[in-house]
Amino acid sequence: MATLLYPGSFDPVTRGHMDIIARAAKLCETLVVAVMHNPDKRGAIDPDERVALLKKACAQMSNVRVIKHGGLLIECAADVGADAVVRGVRPLGDFENEYQMAQINRMLGGVETLLLTTSEDCANISSSIVRQIAAFGGDIENLVPEGMANDVMGALGHLKP
Ligand code: COA
């Protein structure tokens, strides 16, 4: 695969996302990570700040590019010339939604989706858990990309419990 696209809301990026990014980057020449809009979610962090956090987290990965895209996933895939989309699935609850998204994107745009199973140690991590713990001033060190707890805390500093 020449180019894979990993889309998400990344609000904020977590160790779970980094697990998928690191593994997907090994499967392709270029991995494009796209911060996109999920209409079902009210964003907590400004999209440009999410991009900045992801760029810092991926700084050592030479074949990973981070972008922001405000359109449909199939449009983003066409814009970046993606050969396929990659998404992570956790053991509980993700599959049905990912299956539907993959089918719709293939039907509408001919875009294939590769599903990677989340590593065991990331199975219970989510962006909303990170947001909740941060809002209470708790320790998010082991949930966010290595060495980035302060950056993520800074981006979430406005949240109240
Ligand atoms: N390990 C642990 N957790 C993971 C994970 C992993 N490997 N991968 C994702 N997660 C978590 C995230 O932290 C996030 O947690 P949250 O629900 O508490 O916020 C959740 O799983 C999924 O978030 P993420 O992968 O960041 O993004 P998303 O599912 O919100 O992204 C879009 C969805 C943006 C790709 C989708 O809405 C989209 O395509 N939008 C564009 C519009 C469009 O084309 N719509 C039609 C789609 S068919």
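See above for the structure.
Quick look at the structure, then. For clarity, every value in this text was computed on a predicted model and none was experimentally measured.

Comments concerning the nonpolar core
Then comes step 1: Of all hydrophobic cores here, the largest spans 36 residues; its most connected members are Tyr6, Ile21, Leu31, Val33 and Leu54.
Then comes step 2: Those elements that provide at least two residues to this core are strand S1 (3–8), helix H1 (15–25), strand S2 (30–35), helix H2 (47–57), strand S3 (64–68), strand S4 (84–89), helix H5 (127–135) and helix H6 (149–155).
Then comes step 3: Take this core: its biggest share by element is five residues, from H1.
Then comes step 4: For Ile21, the contacting residues outside a window of four places in its chain are Tyr6, Leu31, Val33, Leu54, Cys58, Met61 and Val64.
Then comes step 5: If you look at the next biggest cluster of nonpolar residues, it comprises 13 residues, including Leu5, Val32, Ile67 and Leu73.

Points about the side chain of Arg87
Then comes step 1: Mapped onto the secondary structure, Arg87 falls in strand S4.
Then comes step 2: Within the local environment of Arg87, its side chain forms a polar contact with the side chain of Glu98, the two groups lying 2.8 Å apart.
Then comes step 3: Beyond its immediate sequence surroundings of up to four residues, Arg87 is in contact with Tyr6, Pro7, Gly8, Glu98, Met101, Thr113, Leu114, Leu115 and Leu116.

Calculation criteria
Residues numbered from 1 in each chain as written. Predicted model: local features only at pLDDT ≥ 70, side-chain atom pairs only at ≥ 80, totals over all residues. Heavy atoms only, no water. Core = buried A, V, L, I, M, F, W, Y, C linked by side-chain atoms within 4.5 Å. Buried < 20%, exposed > 50% of the residue type's maximum accessible area, 1.4 Å probe, protein only. Helix = DSSP H or I, 4+ residues; strand = E, 2+ residues; numbered from the N terminus. Contact = heavy atoms within 4.5 Å. Polar contact = N/O pair within 3.5 Å; in protein donor to acceptor, adjacent residues only side chain to side chain.

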